Amino acid sequence: MEQSGQSQPLHYHYGRLMRRTPMLRVALALAAGILLAEWLPGVPAEWLVAAIGAGMALLIGTVYWRWHSAMAYIGIYLSVAAFGWCLALLRAPSDPFAGRGGEWLDFAVTIKDTPRPTPKCYKAVAAVEAFRVGDSAIATQGRVMLYLKQDSLSARLKYGDRLWVHARPEKPLVPDNADQPDYRRYFRHKGILWQCYVPSGRWQQYASDTPVQGVVAISKRCQAALVQRIRQYDLTPSQQGIAEALLLGWRSDVDDATQHQFRAAGITHLLCVSGLHVGIVAAVVFYALVIVGFPVRWTGVVMAPVVWAYVAVIGAPPSAVRATVMATFYFAAPAFWRRSDSLVAWSQTFLLVHVLSPLQ
């Protein structure tokens, strides 16, 4: 008599899970490779190439010489893990100052995110494009976290603005004990190796013949335009800040008292547009289409452009983009004669996102 599902051993349930979601195997192998690159960054590139070659040899041997099928799985896992390791190492953050950290430098940057207010500064991620040595400018690349002192000029900065900055880049502090957050590691995962505080008068904005273009730039402009539209309504400062944060993820106008109230209630995450907001929009569109009698099979085809449009007008934050990719895979599956499965959609999203941008 066959055992019930609950009394089956663990490897039985694991086997069923892997047979149901074969792409999960590839996602786990890629994750293992990326994590190994984080823990063992000094492995020679020749070893990784050898690992990929060994994996391919196992696959070829299984196909042409009919080795045991387990060799094919080992080959796939080995090749994908080594590929993820290579991706993470190749996309390690660039050092824009080439050992000049701690010196006072003049460098040109482009702001790559909407500046966020802190009690005394505006912080913004910026891409370093060049630094000045004497009368010449040396091209470079990399990212730096800028902390600009609050004043009337820094309050008007936005995504895509270009600045010449005179400041002293420094490495983020290493925590003294395990209970403190490791900002150096956190920034490195964001592609940032340096941070610097910039007082008033130590920077100036300059115009460029090539304005920042691209999908993210258009998204940031849409977000700023909608923020201006909300400000035209007769709302109190607190209501305006909450509306901008809940609808568009714009937290610059949320006052300290409101943030403290949300923090005390444990719902601060509502002030950040994330996967929760994308899930709500996707669910509303899905059930609205079902109610009006739209074929369930094609709801994902209609829903995906609506959700992507929503993400585009809120500034395309990474968390919302990831959630939108997963929602697209999940709801669009019936259109391709596939069953919607959250684990399959997660695996597909993981592979797509981490192949494009591992460790970020």
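Asks: So what's going on with the nonpolar core? Residues and values would help.
Replies: One recurring pattern in soluble globular proteins is that nonpolar side chains are buried together. The biggest cluster of nonpolar side chains holds 21 residues, and the ones touching the most others in it are F107, V109, V144, L146, V165 and V198. Ignoring any residue separated from it by four or fewer positions in sequence, one finds L146 in contact with F107, V109, Y122, K123, A124, A126, C196 and V198. Counting residues in each nonpolar core, the second largest holds 19 residues, with I230, F286, Y310 and A320 among its members.

Asks: Any details on unusual backbone geometry? Residues and values, ideally.
Replies: Positive phi, close to 50°, is recorded for A316, a residue that is not glycine. Relative to the helices and strands, A316 is located in the loop between helix 10 (299-313) and helix 11 (318-332). The class for A316 is partly exposed, based on a relative accessible area of 24%. For W337, which is not glycine, the phi dihedral falls at a positive 60°.

Asks: I'd like to hear about the side chain of H277, residue by residue, with values.
Replies: Mapped onto the elements, H277 comes out in helix 9 (residues 275-291). Once residues lying within four places of it in the same chain are set aside, the contact partners of H277 are L246, H269, L270, C272 and Y310.

Asks: For helix 8 (residues 256-265), give the residues involved together with the corresponding values.
Replies: Every buried residue of helix 8 is accounted for by T258, Q259 and F262. Along the long axis of helix 8, the arc covered by the buried residues comes to 100°, so they all point the same way. Exposed side of helix 8, more than 90 degrees from the buried face: D256, H260, Q261 and A264 are the residues found there. At its buried positions, helix 8 is contacted by helix 7 (237-248). One or two positions beyond helix 8, positive phi appears at G266, with a value near 75°.

Criteria and cut-off values
- Residues numbered from 1 in each chain as written.
- Predicted model: local features only at pLDDT ≥ 70, side-chain atom pairs only at ≥ 80, totals over all residues.
- Heavy atoms only, no water.
- Core = buried A, V, L, I, M, F, W, Y, C linked by side-chain atoms within 4.5 Å.
- Buried < 20%, exposed > 50% of the residue type's maximum accessible area, 1.4 Å probe, protein only.
- Contact = heavy atoms within 4.5 Å.
- Helix = DSSP H or I, 4+ residues; strand = E, 2+ residues; numbered from the N terminus.
- Arc of directions from axis to C-beta.

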